[in-house]
There are 2 protein chains.
Amino acid sequence: MTIPSTLTSQQTRLLARQNTITNTAGYSPGTLQANLLILPHKYSEDFHNLCLRNPVACPLLGISSAPGNPHQITPSRCIQSPDFDLRTDCPRYRVYKHGKCVEANKRDLLDVWPYPFTPQKQLQQQQEEEAGNKDGEQYTAFLIGCSFSFESALHDANLTPRHHLTSTIVAMYRTTIPLLPAGIFTNGTCIVSMRPYREEDIERVREITRPYLATHGEPVDWGWDAVKRLGIRDIEDPDFGERQDFEPGEVPVFWACGVTPQMAIEAAGEKIEGLVFAHEPGHMLVTDWRVEDLERLKGGVGCF
Amino acid sequence: MTIPSTLTSQQTRLLARQNTITNTAGYSPGTLQANLLILPHKYSEDFHNLCLRNPVACPLLGISSAPGNPHQITPSRCIQSPDFDLRTDCPRYRVYKHGKCVEANKRDLLDVWPYPFTPQKQLQQQQEEEAGNKDGEQYTAFLIGCSFSFESALHDANLTPRHHLTSTIVAMYRTTIPLLPAGIFTNGTCIVSMRPYREEDIERVREITRPYLATHGEPVDWGWDAVKRLGIRDIEDPDFGERQDFEPGEVPVFWACGVTPQMAIEAAGEKIEGLVFAHEPGHMLVTDWRVEDLERLKGGVGCF
């Protein structure tokens, strides 16, 4: 299917809700797409701090406005559709329990995130609150910047990422760069994505991606030496995604990657009671932020 | 000399300007003290990005409002004295050239940062601009959070840092945690400060310092294992400051340290033409931010 390039972000979200589309790459160009991370409200302050302390790997584009409510995001400019629903407007979801992915490729979260509550659910919630679990099963959602945004800028500059040309999934690696801890989120490390570029193009690649601070920004490292510096096990065998070919004179260029927050959830493991939801990789939430908003987003979403 | 605990931040700055005080530890309790980094305006965007990408090591409290002007800081709440002068209101300064400290313990910057310009200087500036060096010698200043602020909170909780009790300088170490690069600022690494605590006190120490996100926040790592994880050469031989004693049952607890930006300047080395100024370690700029502002400062100074 050819992607109609004229789709607004609202129209793409509607297609996602109807499960008409899967991978959102190329949809609604000029808008920012988001990684999604939804967790029980009682962990939201720690997770928020984690994002603020690690803004290159976990740049915030928005946070759900009230615990339990799937319809509203702060700042309101991030998502402007009045009928928005966090539980349906991503094409595919994942469910995590105790840090492990227990369900993938889920079409919506309506069964696991009831809202508004039924009378039974309300009673259960009340009992939980009486038992000292103040938050019950109220969820808070975090929308985190995604590299799809800067990839179209690279494409426009004739520096199309290799995986676009070969129709593969970008190579991603675990590194030893620590994710600076926040509350229960300890012992995490950064995940990086890798795109091969010629050494002489690196400064231009850095310049082009630099303004995209809210979607990982410029590379975190580059060159063959960086493989060892980042503690990457084997460049030929990525931890996620697919191996990429290098042409003569090309070196690996590494960016922080939006898979990092999911890995932070895995690292937290048993410390998280209850369910955590995320988007299925590549199946992003398309926001109403536009590339033109990037300059102001640099200062953080609190500024809107 | 006993420190009068009733001094306002404005009064402390005045004492600093008069060179009546040196080390600012303990002055104007309840206010946030700042590390100072002043560099030629043409590098200010790169340095700003460096801070935004590494907010735990380089948390921004304010930036000078206009290139070359030493009198005004944005947000204006950061420094509210109408007669404020970046060149005099720190007790002591350092001068860097090509990444090396060429002068220490300097009382003011009036000779190296002329403002307003003399007619000769104006002519020289004009010639430089004609020669293509648009910014001439205009400086931009960055005010970066300092751990003095959370140390008084630890003291109030009966967790007084060891170096306060022994009247020594906190131990600081180079680590292998990369400072995520921005523009000319590449190959930097994080500096950490270390305070010994008993293992059973660590969660409380983390909780107390967690809200101080704008002044390095909670520890980046802790425990004897962390020494190796952080790539610290020798815990008994700090790279800056003084060796600290460990009592039985105590382990090292590490925080990101405000010396990091100065190390980033050293790492940039020859890439920086012109002079860079910083405060003399321990001789901080006392701001008008108060501990009560920390919650809002979390979202970044752009929010004020």
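Here the structure is a predicted model, which means the values were calculated and not measured.

**Q** Tell me about the sheet that holds strand β10 (residues 250-256) of chain B, and name the residues and values.
**A** Residue and element names in this part refer to chain B. Strand order in the open sheet formed by four strands is β7-β8-β10-β9, and the pairing between neighbours is antiparallel. The open sheet has two edge strands, β7 (171-178) and β9 (221-222), and neither has a second partner. Relative to strand β8 (residues 189-198), β7 is paired through five bridges, and the arrangement is antiparallel. Each bridged residue has a counterpart across the sheet, and for alanine 171 the counterpart in β8 is methionine 194.

**Q** Tell me what's going on with the packing of helix α4 (residues 148-156) of chain B against helix α6 (residues 202-209) of chain B, and back it up with residues and numbers.
**A** Two numbers describe a pair of packed helices, the interaxial angle and the distance between the axes. All names here are of chain B. Viewed as axis vectors pointing N to C, α4 and α6 meet at an angle of 130°, and their least axial separation amounts to 9 Å. Here α4 is positioned oblique relative to α6, judged by the angle of their axes. Considering how the two elements wind past one another, α4 and α6 form a crossing that is right-handed. Counting all contacts with α4, which are made through Phe150, Ala153 and Leu154, the residues of α6 involved are Val205, Ile208 and Thr209.

**Q** Can you break down the interface of chain A and chain B residue by residue, with the values?
**A** With 28 residues of chain A in contact, the opposing surface of chain B contributes 28 residues. Between chain A and chain B, the buried area comes to about 2,300 Å², and carbon and sulfur atoms account for 62% of it. When the buried surface of chain A facing chain B is broken down by residue, A:Leu52, A:Arg53 and A:Lys298 rank first, second and third, together holding 22% of it. The interface formed by chain A and chain B contains zero salt bridges. Of all the secondary-structure elements, those providing two or more residues to the side of chain A that touches chain B are α2 (44-53) and β7 (171-178) of chain A. At five residues, α2(A) tops the list of elements feeding residues into the side of chain A that touches chain B. For the side of chain A that touches chain B, the residue count by class is 13 nonpolar, eight polar and seven charged.

**Q** Lay out the sheet that holds strand β8 (residues 189-198) of chain A in plain terms, naming residues and giving numbers.
**A** All names here are of chain A. An order of β7-β8-β10-β9 is seen for the four strands of this open sheet, with the pairing classed as antiparallel. The open sheet has two free edges, formed respectively by β7 and β9 (221-222), since each of these has just one partner strand. Note that β8 and strand β10 (residues 250-256) share seven bridges and pair antiparallel. Bridge pairing in β10 links valine 192 to alanine 256. Across the face of the sheet, helix α6 (residues 202-209) comes into contact with β8, β9 and β10 while running at roughly 20° to β10.

**Q** How would you summarise the relation of the copies chain A and chain B if you had to cite specific residues and measurements?
**A** It takes a turn of 180° to lay chain A on chain B, together with a shift of 0.0 Å along the axis; the resulting RMSD is 0.0 Å. These values place the two chain copies in the arrangement generated by a two-fold rotation axis. Looking at chain A, 100% of its interface residues are interface residues in chain B too, so the copies touch through the same face.

**Q** With reference to specific residues and values, describe the domain arrangement of chain A.
**A** Residue and element names in this part refer to chain A. Per the domain assignment, the segments of chain A are domain 1 (9-145 + 268-303) and domain 2 (150-260). Summarising the inter-unit geometry, the C-alpha centres of domain 1 and domain 2 are found 25 Å apart. Contacts between the two partners involve 23 residues from domain 1, matched on the other side by 21 residues from domain 2. Summing the contributions of domain 1 and of domain 2, the shared interface buries around 1,900 Å²; its carbon and sulfur component is 69%. If you look at where domain 1 meets domain 2, you find zero salt bridges. On inspection of domain 1 and its partner domain 2, the count reaches seven residue pairs in polar contact (both at pLDDT 80 or more).

**Q** Can you lay out the packing of aromatic side chains for me, pointing to particular residues and giving the numbers?
**A** Each aromatic ring pair is specified by the distance between its two centres and by the angle formed by the two planes. Applying the stated criterion to the full structure yields 15 aromatic pairs over all chains. An aromatic cluster is defined as three or more aromatic residues linked by ring pairs; in this entry it consists of A:Phe47, A:Phe142 and A:Phe185. Positioned over the ring face of B:Trp255 is B:Arg195, at 4.9 Å from the centre of the ring.

**Q** An account of the pattern of salt bridges is requested, with residue identities and associated values reported.
**A** Across all of its chains, the model carries 46 salt bridges over all chains by this definition. Several salt bridges share partner residues, and in doing so they unite A:Glu203, A:Arg206, A:Arg210 and A:Glu218 into one network.

**Q** So what about helix α4 (residues 148-156) of chain A? Which residues, and what values?
**A** Residue and element names in this part refer to chain A. Every buried residue belonging to α4 is among Ser149, Phe150, Glu151, Ala153 and Leu154, and all of these are buried. Tucked into the core, α4 has its buried residues touching β1 (31-40), α5 (162-165), β8, α6 and β10. Positioned one or two residues after α4, asparagine 158 has a phi angle of 65°, which is positive.

**Q** I'd like a description of the pairing of strand β11 (residues 275-279) of chain B, backed by residues and values.
**A** Residues and elements named next belong to chain B. Burial analysis of β11 places four of its five residues in the buried class, which makes it a mostly covered element. Where strand β1 (residues 31-40) meets β11, two bridges bridge the pair, whose relative direction is antiparallel. Among the inter-strand pairings, leucine 37 is bridged to a residue of β11, identified as alanine 278. Of the pairings in the sheet, the one linking strand β4 (residues 93-97) to β11 comprises five bridges and is antiparallel in character. Residue pairing for β11: valine 95 is matched across the bridge by phenylalanine 277.

**Q** If you had to explain unusual backbone geometry to someone new, which residues and values would you point to?
**A** A cis amide bond, omega 0°, links A:Thr74 with the succeeding residue A:Pro75. Cis rather than trans, the peptide bond between B:Tyr115 and B:Pro116 has omega equal to -10°. Its location among the elements puts B:Pro116 in the loop between β5 (100-106) and α3 (119-130). Residues other than glycine seldom take positive phi values, yet A:Asn19 does so here, at roughly 55°. Inspection of the secondary structure puts A:Asn19 in the loop between α1 (9-17) and β1. On the accessibility criterion, A:Asn19 (18% relative accessible area) is buried.

**Q** Any chance you could break down the environment of A:Gln11 for me, citing the residues and the numbers?
**A** Residue and element names in this part refer to chain A. Positionally, glutamine 11 belongs in helix α1. On the accessibility criterion, glutamine 11 (39% relative accessible area) is partly exposed. When the C-alpha positions of glutamine 11 and serine 152 are compared, they lie 20 Å apart, and in sequence the two are 141 residues distant. One polar contact links the side chain of glutamine 11 to the main-chain amide nitrogen of threonine 8, over a distance of 2.8 Å.

Conventions used here
Residues numbered from 1 in each chain as written. Chains lettered and ligands numbered in written order. Predicted model: local features only at pLDDT ≥ 70, side-chain atom pairs only at ≥ 80, totals over all residues. Heavy atoms only, no water. Pairing = 2+ DSSP bridges. Helix = DSSP H or I, 4+ residues; strand = E, 2+ residues; numbered from the N terminus. Axes fitted to C-alpha atoms, helices over the stretch in contact; angles between N-to-C directions. Parallel < 35°, antiparallel > 145°, perpendicular 65-115°, else oblique. Left-handed = near helix turned anticlockwise from the far one by under 90°. Contact = heavy atoms within 4.5 Å. Buried area = accessible area lost by both parts, 1.4 Å probe. Salt bridge = Lys/Arg side-chain N within 4 Å of Asp/Glu carboxyl O. Nonpolar A, V, L, I, M, F, W, Y, C, P; charged D, E, K, R; others polar. Least-squares fit on C-alpha atoms with pLDDT ≥ 70 in both. Domains from an automatic or database assignment. Polar contact = N/O pair within 3.5 Å; in protein donor to acceptor, adjacent residues only side chain to side chain. Phe/Tyr/Trp six-rings, centres within 6.5 Å; stacked < 30°, edge-to-face > 60°. Lys NZ or Arg CZ within 6 Å of the ring centre and 35° of its normal. Buried < 20%, exposed > 50% of the residue type's maximum accessible area, 1.4 Å probe, protein only.

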